[in-house]
Amino acid sequence: MEYISSDTNVWLDFATIDRLELPFKLPFTYLMNEEAAEDELLNPPGLGEGIVLY
């Protein structure tokens, strides 16, 4: 299993083009700091709609 460190902008870009499922078709596990993601999704309000952090 391979891991990729990601940042919120990548997920926002995929969400914007309505293709959030595409990266999950690749054989990778995506890692991201939850606190950083939450901070990045706070402004502007509504930016993180449709993105669920696990």
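Residues numbered from 1 in each chain as written. Predicted model: local features only at pLDDT ≥ 70, side-chain atom pairs only at ≥ 80, totals over all residues. Heavy atoms only, no water.

Student: Which residues make up the packing of aromatic side chains, and what are the values?
Tutor: Under the definition given, this model contains three aromatic pairs. Ring plane angle 90° and centroid distance 5.1 Å describe the contact between Trp 11 and Tyr 30, whose orientation is recorded as edge-to-face. Taken as a pair, Trp 11 in helix H1 (residues 8–16) and Tyr 30 in strand E2 (residues 28–31) lie far apart in primary sequence, 19 residues in all. Ring plane angle 80° and centroid distance 5.6 Å describe the contact between Phe 24 and Tyr 30, whose orientation is recorded as edge-to-face. Overall, Phe 24 belongs to the exposed group, its relative accessible area being 55%. Through a chain of ring-to-ring contacts, the aromatic side chains of Trp 11, Phe 24 and Tyr 30 assemble into a single cluster. (Phe/Tyr/Trp six-rings, centres within 6.5 Å; stacked < 30°, edge-to-face > 60°. Helix = DSSP H or I, 4+ residues; strand = E, 2+ residues; numbered from the N terminus. Buried < 20%, exposed > 50% of the residue type's maximum accessible area, 1.4 Å probe, protein only.)

Student: A description of unusual backbone geometry should follow, citing residues and the corresponding values.
Tutor: Despite not being glycine, Asp 18 has its phi angle at roughly 55°, a positive value. Note on placement: Asp 18 falls in the loop between H1 and E2.

Such coordinate-based values are descriptive only and should not be taken to indicate function.
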